[in-house]
Amino acid sequence: MTHLTEIKVRGYHLDIYQHVNNARYLEFLEEARWGYLEDNGDIEFFRELGLAWVIVNININYREAATMGHTLQISTQFSKIGSKSAMVRQEVRIKGSDRIAADADITFVCLDQKTGKAVPIEGALKERLEQQLQG
């Protein structure tokens, strides 16, 4: 299932070169992941299990500069579910074009909030995440 989030580029997103600062893309991607979790009911699901997503790796490619006034459309979808971690693929497109400003693969683990330890992805958790792959 692909989730879409739109973000309007504002002046405070820009750096001295008048394009979106590279660190801002990480914030945009996080905003889109939160939207994905909210819209799919996953926040409550994880809360009930006492689990939290913890990002362990982000591999981001900056492809084209976005500037003030652009609307960015961020697609978010699960791309891989393993036994200990999962991966989300995100693309930041400049709306109204086929231009990709950035893309990223984000790897996360599920952390038991009581123990602070990563848990295996199995049972109901695995089923829930695999549904996201198929949707």
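Residues numbered from 1 in each chain as written. Predicted model: local features only at pLDDT ≥ 70, side-chain atom pairs only at ≥ 80, totals over all residues. Heavy atoms only, no water.

Chemist: Sorry, what's going on with the overall build of the protein here?
Modeler: The helix and strand tally for the protein stands at 3 helices and 6 strands. Reading the protein from its N terminus to its C terminus gives the helix and strand order β-α-α-β-β-β-β-β-α. Expressed along its principal axes, the backbone C-alpha trace of the protein runs to roughly 45 × 30 × 20 Å. Expressed as a percentage of the 135 residues in the protein, the buried residues total 37%. On the protein, roughly 7700 Å² of surface is accessible, and the fraction owed to carbon and sulfur atoms is 47%. Of the side chains in the protein, 16 bear a positive and 19 a negative charge, and the two mean positions are spaced by 3 Å. (Helix = DSSP H or I, 4+ residues; strand = E, 2+ residues; numbered from the N terminus. Buried < 20%, exposed > 50% of the residue type's maximum accessible area, 1.4 Å probe, protein only. Areas by Shrake-Rupley, 256 points an atom, 1.4 Å probe, with all protein chains shown as cover. Lys, Arg positive; Asp, Glu negative; His and termini not counted. Charge placed at Lys NZ, Arg CZ, Asp CG, Glu CD.)

Chemist: Would you explain the packing of aromatic side chains in this entry?
Modeler: Aromatic ring pairs: the centre-centre distance and the angle between the two ring planes describe each pair. Overall, the coordinates contain 8 aromatic pairs when judged by the stated rule. An angle of 70° between the planes, with centres 5.9 Å apart, marks the rings of Phe78 and Phe108 as edge-to-face. Separated by 30 residues along the polypeptide, Phe78 in strand 3 (residues 71-81) and Phe108 in strand 5 (residues 100-112) bring together distant segments of the chain. Judged by its relative accessible area of 0%, Phe108 falls in the buried class. (Phe/Tyr/Trp six-rings, centres within 6.5 Å; stacked < 30°, edge-to-face > 60°.)

Chemist: Sorry, what's going on with a negative patch on the surface here?
Modeler: Judged by side-chain charge, Glu30, Glu31, Glu38 and Asp39 come together as a negatively charged surface patch. With respect to the element layout, Glu38 can be found in helix 1 (residues 22-39). (Patch = residues over 30% accessible without salt bridge, like charges linked within 9 Å, V, L, I, M, F, W, Y side chains within 5 Å. Salt bridge = Lys/Arg side-chain N within 4 Å of Asp/Glu carboxyl O.)

Chemist: Just to check I follow, could you spell out the side chain of Thr5 for this structure?
Modeler: Within the secondary structure, Thr5 is located in strand 1 (residues 3-8). With a relative accessible area of 11%, Thr5 lands in the buried category. Among the polar contacts made by the side chain of Thr5, one reaches the side chain of His3 at a distance of 3.5 Å. Sequence-distant contacts of Thr5, defined by excluding residues within four places in its chain, comprise Ala32, Leu72, Gln73 and Ile74. (Polar contact = N/O pair within 3.5 Å; in protein donor to acceptor, adjacent residues only side chain to side chain. Contact = heavy atoms within 4.5 Å.)

Functional significance is not addressed by these values, which are geometric in nature.
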